[in-house]
Each structure stands twice: as C-alpha cells, then as structure tokens.
Amino acid sequence: MEQKLRQEAKALLEQKKIDWIIGFEAGSLKFTTTPLITKDAADTERLVINPFITNNLASFLTEMKGRVAIVAKGCESRSIVSLIQDNKVAREDLVILGVPCPGIIDLAKIERLVGKERDELDDISRDGDKVSVKVNGKKKDFTASDVLFDHCLACELPTPQEYDILLGEERKPSPELKVSGQNIAALKELTSTERWASWEKELSRCIRCYACRNVCPACFCQRCFVEETEPQWVMPMPRWQDNLIFQIIRNIHVAGRCTDCGECERVCPVNIPLRSLTREMYDIVDELFKFKSGMDKDALPLMVHYEQEEAEDLFR
Amino acid sequence: MTVSDITKRPKFFAKDNVYLPHIVVIEKIIEETPGVRTFHFNFKDKKLAREFKFESGQFAQCSVFGVGEAPFCISSSPTRPDHLEFAAQRVGRVTNALHRLGVGAELGFRGPYGNSFPLDSLKGKNLVFVGGGIGLAPLRSLIWNIIDNRDKYNKVDIIYGARTPADLCFRYDLEAWDKDKTINMVTTIDREAEGWTGRVGLVPNVLGEVAPKAKDAVAIVCGPPIMIRFTFPVLEKLGFTPAQMLTTLEKRMKCGIGKCGRCNIGNVYVCRDGPVFSYEQIKNFVSSEY
Amino acid sequence: MSKKVNKKDIAQLLKEWSQQFNVLAPSRASGVAEMTEWDGKDTSFLEWYRNTVVPPKASFLPPMEEMFRFRKDEEGYRIEPPSKNGQKQLLFGVRPCDARAMAIVDMTFEDAYKDPYYLEKRRNAVLVGMGCTNPCESCFCTSMGTTPTDSTNVDLMLIDIGDYFLIEEVTAKGKELLAKASGLKEATKSDEAEAEKSKETSYNKVTRKLDTTGIKDRLLESFDDEEFWTKTAAKCISCGICTLLCPTCYCFDINDEMVKGEGARFRNWDSCGFPLYTKMPMENPRSEKWRRVRQKVCHKYEFYPMAFDVIACTGCGRCIRLCPVNWDITQVIESVPQKVKGAK
C-alpha cells in the first residue's frame, strides 16, 4: 500500500495534476507519524501508511490553496465529505487517496497494559487482529481491540466512500461496534450531580490551549466565539466554569458536522475525556435527525438546510 | 539592542506593585471627531497629582474597571501639568466602554511607561512634524512642550492631515498653531470636500510639496502605519537621514512593561524600548515586523 | 560528606517538611501529571521516567491568577491589592531542565520593572531537585546547557544510587532544609562514586542532540525567508500546547471582570501561537501562521539570547511529545538555512 501511495502521489505532483500532497511521514519519536504537507515530488518518498497514522488530515484542507491530493482514512473521508457539503472545499480541487483503515493504535492504552512508558518499548507491530509489543527482548501479544483508540472501535466507515484512488482492500465496519469506550459508559452510570462534579474535576485541568478546537475539521470558523470581545461570551481565563461553557458551545456549534473522529480527545495534553461530550452530541444528532455527518456523500448539511417535514413543530 | 535601562525613568507605583493602577477622574471630554474623544483627567490623590511627572512620547495603561486596559499616549505636555490628557478612538471593547463614560467617571491609570522624545537632540534644530488623524496625539504633547520652550528650538513646520474635514483632530490646536507666527502650519485633507477651502492632498504628498530642508532638521512622524511607511521615503528624498526621522510605533499591549511578550519587534519591546524610535533604529531591528 | 536518604524514607521526609512548607510533588491524581499539593503518602512519582506534563512554572506563574480586586461604591472605585500570604512552598522532584527554565524565566520577571506576583512566590519557594535516570527520546537537555542531574538551579539535588538518593547540598536554603531532617544517613565514598557513575549513565542516555552553534545568526539572516517559514509552519495547527506547557514560556494576558460592581483583574497564560495575540484594531502583524511560528522560534533562539545571553529552551522535550502534529523544534533548528542572501 505504501509503495503504491508513493508512486501515485509522485506521479500526481510530477504531472502537475495537483499543487499539494497531504499525507503522513515518520515522526521524530518512536511509534509516531506526523503530517507531511508538500509541493515537492521528491518528498513523496517519505509517505507512510502504518498503525500510527493518527491525525485527521482533513483539518488542513480549509487553509490550503490550490489542488490538493490527500491521504484519507475512513474518518478523513467523512470529514472531507462534510466540508464539501458545507462548501468549504471543492470536490474538483481534491484527489482523495483512500486508505482502508484497520484502526489506529493508542499508545496510551499500550502503556497502561504493558506498564511501561513508550520510550521503553522496543517495537510494536500489528498482524491482523493481533498486536505484538516487544519489551526488553520479550514479546507480549494483545488483541487489536484492546489497544486501538476508542473512536476506532466505534468506526462506522473504515473504507472511504469518497475517493479517487483506493490504495488497498476494502474493509467493512466491525460487526460489534464498541461505541462508548470506557469514559462514556462510566459517566452514564453516574447521577447528574455526580456527573457535574466529575466534569468540574476534568475541566479544572483545562489550560485553554484550544488544540481540541484547532485539530477539529468541523471547526473552520475564521474567528471563534471565544475570541470575541464585544460581547465577551466566555472569559479567556481557564476557570473550570468558563472551560465548560467553551466545550458545551463548541459541541453545539459542531453538531451535525462532528464525525466522532476522536482527535479532540487524542490531542488534549491534560487528558480531558472530550470524546464523552462529542460522542454524546453525535448520538443526540442521530437520534433527533437520523443523521451521521459524512456518511452519505449526497446528503445536505444538517444544520443549514431545512425540509418542511422537520421534526420540530415550531417551524411548521 | 539589549534591555533598556529604565532606572532614570519616573516611576509612580501604587503600593510598590507596578500592576496596581491609580485612580484618575475624568474632568472634561472633548469630542474631536465622531469616533475620537480627548479625555482631560487628574489623579484622585491630590498629592500624586502634584508629584506626577512624565515626558512627551510616554504612554500609560488606562483602564475602565471591569472592562479592560489599553495603552494611550499622554497627549498633554509636561509643561502644562495642571491636568493630563489622552485621546482615544472608538475601535474595540475598552475604547467603546471609554466613550460611554461621562465627566466624573473614574479610570485606572498605570504609568508613565516607555521612552520619550529625545528633547536634548532636538535643541537648536529645525523641527518638521508630520501627523495623520489621531496620530497628532503624541505629537501635540511634544509640540506644546516645544512652544513652551520656544527659544531652544529653531524652525517648526507642522504638516497634518486627515481623510475628511470631520476627521481632523485637535482643531483648537491647529487654529492656535496657525496663529503662531513662529510655526508653519499646513493642514490638509485627503480628497476634495464640500466647504473645504484649504489644502488637499495625502500627507506624504503634501510633505513633498512643502519640502522642508533636511539640513539641521529632525522630522517627527506619527499617524496610521500606512502613512508612516509612505512618509519615510519622501523624507529620504528630501535628504533626511534615517537618524533624522523619529516616529512612535504602536502594538497591542497588555502589561506595558515588557513582560507579557506581545508587543515585541524582534528583541525590542515597543512598550519598554519605545514607543519612540528613529527610523535608523527601525532599520536595524532584527525583525521586519513594524 | 554528603547525606543520603532511602527511597522508602522519602514519605517521612516530606511529612516533616510539610510542617513548615506547603509541599508540592509530582502526581497524576488530578488526571494529568503535574505538581500538586502532596497528599501525605503518594511517592509513586519516584519511579517515573518522564517529566510532569504541566511544568513547575505553574507554581510561580499560575494558569490563572487574580492580580487585584476592585469594588465600586458611592465614592468611586476601591482597589484591594492581593494579600501577601507569604506561604512557603517546597517543590519536590523538580527536574534539572525545569529548574534551569525557572532561572531563565526569572531574568524577565526581575528585569527592569519587577513583577511582584511571580517574584514573591519564587522567593518563598525551596526547590528539591530529582535527577533523571532514564531520559526520554524527546529529551535534549544536554544540548541546551544542562544535564539530567544538573544541580545548578535547585537548593538540593537528589541523585539516584539504587535504593538511596544521594543528596547534594547546593544552597544555604538547602542546607537549612537538611539540618531539620531526620532519617538521613551519611553517604560513603562508594555512594559518592556510585552517584558520579549514575550521573554519567544518565548523561549518556540522552540520545537526542541539537547543535545550536550559530543559531542566533542563522535566524537573523533567515528572518525574511518566507518560503522557509511557510514550509516550517505548514503542519502547525496554532494551538497553544507547545507554549503553554513550555517551562521557559511566560507570555500572559490580562483581563478584567466585574459583576454587580465587584470584580477583579486577572492574568492568565497566553500564547504567541494564537492568531489574536498581536491583534490591533486596524491590523494584525501576525495574522499569518508562518509569522507566529517564526516568532516562537526566533524569540527562544535569537531574541532571548540577544537580551539575556541564554537560549530560552532547556530541552525538556514536552513540546515534541505533546504536539498534536509532532512538530519538532530540534528538526526546525537544524533546518534553519545558513547564510541566506537577501531571500524574501
């Protein structure tokens, strides 16, 4: 798959069919990759496809000018479809290099299961449903579902449904989707008072780095509501109440566009279980409107189109 | 350029804490243009009002309590210390709140901060003031300072302009300077306007027409960044060296004392090493972000 | 002769010190690794390889801090300066990179106008350092003027020698701390030799290297190389992680809040990476991402050295580990072009 990707990407750039390629290359730390954004055909040699291609590259599309070839797992293709439906990016400006994805490995889960930090691991490899971790020369095997990201366990679209070139065998979603992950299940067990206290604890750690917002492909506003001063909707200080308001409003703003790609939770440096909020919003949107962002490439964007047969009596 | 030596600058800390503001009371409000107001104010603490000192070019962080703080250059002259003045254009949260205040309202005041116009190096020179819009505010502090010590300085040319007649600020100053026979006052507006019988032309162009001589002269330029950028080449053409051109730079500021980081141009903090700079210094900045 | 303390006796030592100081130690209890008030028993941090996520600078420059309160009554505004609580803090388990970073940040807060909030906390604090035995692959402290066991900027430094820590007395404050401590033993000559070996082993475990020779000049010459900076900034997402969690970053924002005539002025962490950091009403000199990325790199590796003769980076590696896109400062510094002639 990697070889084919590199060949295709190189050809596209050399034949001037595109201006930019966005993909993944090896990161500067073990078991990481980093986005590769380049105009240079020679750089395509560095493109990789491996179990650590975590980022949702679609978030870069709104700032790119020109024609772009983008490596897209299922989650990226959903975000891309959503962006196209919102007119943020034009389909004809894209060459989508589809990568059927078996799920991405969550290093934090491996660290917890093995009891060692990632610097101490010698190797991590995946073979089908088995993930092998080598530490100090000894090998430990895990079932893939124990070490993949929560959002990968809930993946409804492993194979992009919108693509120009498909770089591998199509994969179907797992028959048993584990939607909630540990955090959401635990939260649902609590009373609402307990849940409020739990969120106070989680959001007290927030430092307002806005990584959750900036990695999100659905957050494409030029000026975010937190940056407004007239009026000042939310104070910029990291008080837990202001942090909570920021998260709630952000979730409301991306409702109908969020594809549950899980990036917000992955990037949070202080481990706030943000996906608990985004997934809950995602499920509410599905329940109310029977809509899952990015799944149907011919759908109209949920929050900006109106049918007379709407659910709300208010608008009839 | 290493960190500026601030030891000789006047300091008036409330309770030894540079971040604590003094309370000042608005005594008079002048509506210069629909968007610009001048505030006359004084310290609530009469002793401080008597002791307070500052120099032309310096600024202060003035605040509307509960809304925020913003930097404003002190537009009154140190030679007329019975009250202080600053001018504010209504452009954002703090200035909007400021414009809703009336006489008697209280503000926070932290200052004076920054460096000042190098008066010693201006003595005996011909001075060319070039100002645009509200940019006249820091210049007027210096101009009145010079008028109050007139014999120490030589010729004075003032070239000031605004977009339209309604945008001319400090009209009472323009009239006074026009009447002053030791000053050559040139007022201009950008484009023809009904009822305007005065000069028409963009400030840099009018400067080129007035063509003050560069010998033994210093030009002090203040206005919107775009006006400054077009004025420097005109001065250069007239024979002014970069060391003969002074200006005041503007940046977003919060602490005003070189700590919060945001007003930097390279290793220079506009709040601490400025706001007054010569074009020569600007050319030597390690950063081109000015 | 130095003293040593058994790792099992650390809890007892901290308990004693808790009687005079507010003891802060690394902990994950809040959900993320940071310095928090010691809970009285947890010493699991002694086994950690990695630094805390939130640097100890948060004890002196907190994410959010009240500067003063104000009230409006019939006579006008009243300002209530913060009460000096004079609380003495003891930060236990500070890594050399973070300690050096504090000394670097001190230079800004002491310079010209003194910052009372930061300096008061700093002067009332004692630092007990803990050397690193297993530097991570993101660490590059040895290239940035310090080592995994450097005691320069702490009051006491603990060097791991197996079951014990050797305690290096660094300052008078540190000596005073030890004088009141029980459970300490005299270190033997073999302990001291072991400590030296431990230091050398740790030093050699730092594999990430960065050559900073001439970086100040290379950055000066490349300042206007828009192509280089655009390429460098391409994958950055302009969040604040690298700056907010950097131990040598200190930029802050100041905001007022008032409800029903009572309020306060706060300061909180801010980042040069945020788009509105330099926004003025009529223009924003850094609205473009590449300019902000350039500012961050140049501030740390060019402007700060120009002012204070020291690079504002201690190789702690947090920015590399925590960046959502694995943007790596060491790769960027290495790639800054040499002598770019008039590139615009």
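**Comments concerning the overall build of chain A**
Then, number 1: A count of helical and extended segments in chain A gives 11 helices and eight strands.
Then, number 2: In terms of C-alpha radius of gyration, chain A reaches 20 Å, essentially the compact-globule figure of 20 Å for 316 residues.
Then, number 3: Counting only C-alpha atoms and orienting by the principal axes, one finds that chain A spans roughly 55 × 50 × 40 Å.
Then, number 4: Out of the 316 residues in chain A, the part that is buried amounts to 43%.
Then, number 5: For chain A, contacts bridging at least 24 residues in sequence account for 65% of all contacts bridging at least 6.

**Remarks on the overall build of chain B**
Then, number 1: The helix and strand inventory of chain B stands at nine helices and 15 strands.
Then, number 2: Its C-alpha atoms give chain B a radius of gyration of 18 Å, within 12% of the compact-globule value 19 Å for 290 residues.
Then, number 3: Oriented by its inertia axes, the alpha-carbon framework of chain B measures out at about 50 × 45 × 35 Å.
Then, number 4: Expressed as a percentage of its 290 residues, the buried residues of chain B come to 51%.
Then, number 5: Pairs at least 24 apart in sequence give 69% of the contacts found in chain B among residues at least 6 apart.

**A look at unusual backbone geometry**
Then, number 1: Looking along the chain, the bond that leaves Glu-230 of chain A and enters Pro-231 of chain A is cis, with omega of 0°.
Then, number 2: Residue placement: Pro-231 of chain A occurs in the loop between α8 (211-215) and α9 (240-254).
Then, number 3: Residue Pro-275 of chain B is bonded to the preceding Gly-274 of chain B through a cis peptide linkage, with omega at 5°.
Then, number 4: The topology assignment puts Pro-275 of chain B in the loop between α8 (270-273) and β15 (276-278).
Then, number 5: You will see that Asp-260 of chain A, though not glycine, has its phi angle at about 60°, which is positive.
Then, number 6: Relative to the assigned elements, Asp-260 of chain A resides in the loop between α9 and α10 (263-267).

**Some remarks on the nonpolar core**
Then, number 1: Of all hydrophobic cores here, the largest spans 250 residues; its most connected members are Ile-70 of chain A, Ala-219 and Ile-220 of chain B together with Val-128 of chain C.
Then, number 2: When residues of this core are assigned to their parent elements, the largest contribution, seven residues, is made by helix α4 (residues 136-147) of chain B.
Then, number 3: Those residues within four positions of Ala-219 of chain B in sequence are excluded, and the remaining contacts are Val-128, Val-130, Leu-235, Phe-240, Gln-244, Met-245 and Leu-246 of chain B.
Then, number 4: Core analysis: the second largest hydrophobic core is formed by five residues, Val-234, Met-235 and Met-237 of chain A together with Phe-266 of chain C among them.

**Observations regarding the domain arrangement of chain B**
All names here are of chain B.
Then, number 1: Assigned domains of chain B: these are domain 1 (1-116 + 254-277) and domain 2 (119-248).
Then, number 2: Relative placement of domain 1 and domain 2: their C-alpha centres are 23 Å apart.
Then, number 3: Contact residues are listed per partner, giving 19 residues for domain 1 and 16 residues for domain 2.
Then, number 4: Counting only elements with at least two residues in the side of domain 1 that touches domain 2, the list comes to β1 (22-33), β5 (84-89) and β15.
Then, number 5: Looking at the side of domain 1 that touches domain 2 residue by residue, the classes come out as nine nonpolar, eight polar and two charged.

**Describing the sheet that holds strand β2 (residues 22-27) of chain C**
Residues and elements named next belong to chain C.
Then, number 1: Read across the sheet, eight strands follow the order β3-β2-β6-β7-β8-β9-β1-β10 without closing on themselves; strand pairing throughout is mixed. Taken across any chain shown, the strands that pair with only one partner, and hence form the sheet edges, are β3 (34-37) and β10 (185-186).
Then, number 2: Looking at chain direction, strand β8 (residues 156-160) and strand β9 (residues 164-169) are connected through five bridges and run antiparallel. Among the inter-strand pairings, Ile-159 is bridged to a residue of β9, identified as Leu-166.
Then, number 3: This element, helix α1 (residues 10-17), spans β1 (3-6), β2 and β6 (89-94) of the sheet and lies at about 145° to β2.
Then, number 4: Along the sheet, helix α4 (residues 172-179) contacts β1, β7 (125-130), β8 and β9; its crossing angle with β9, the most-contacted strand, is approximately 135°.

Reading the values: the criteria
Residues numbered from 1 in each chain as written. Chains lettered and ligands numbered in written order. Predicted model: local features only at pLDDT ≥ 70, side-chain atom pairs only at ≥ 80, totals over all residues. Helix = DSSP H or I, 4+ residues; strand = E, 2+ residues; numbered from the N terminus. Rg over C-alpha atoms; globule rule 2.2 N^0.38 Å. Buried ≥ 20, exposed ≤ 12 C-beta atoms within 10 Å, placed from the backbone. Contact = placed C-beta atoms within 7 Å. Core = buried A, V, L, I, M, F, W, Y, C linked by C-beta atoms within 7 Å. Domains from an automatic or database assignment. Nonpolar A, V, L, I, M, F, W, Y, C, P; charged D, E, K, R; others polar. Pairing = 2+ DSSP bridges. Axes fitted to C-alpha atoms, helices over the stretch in contact; angles between N-to-C directions.

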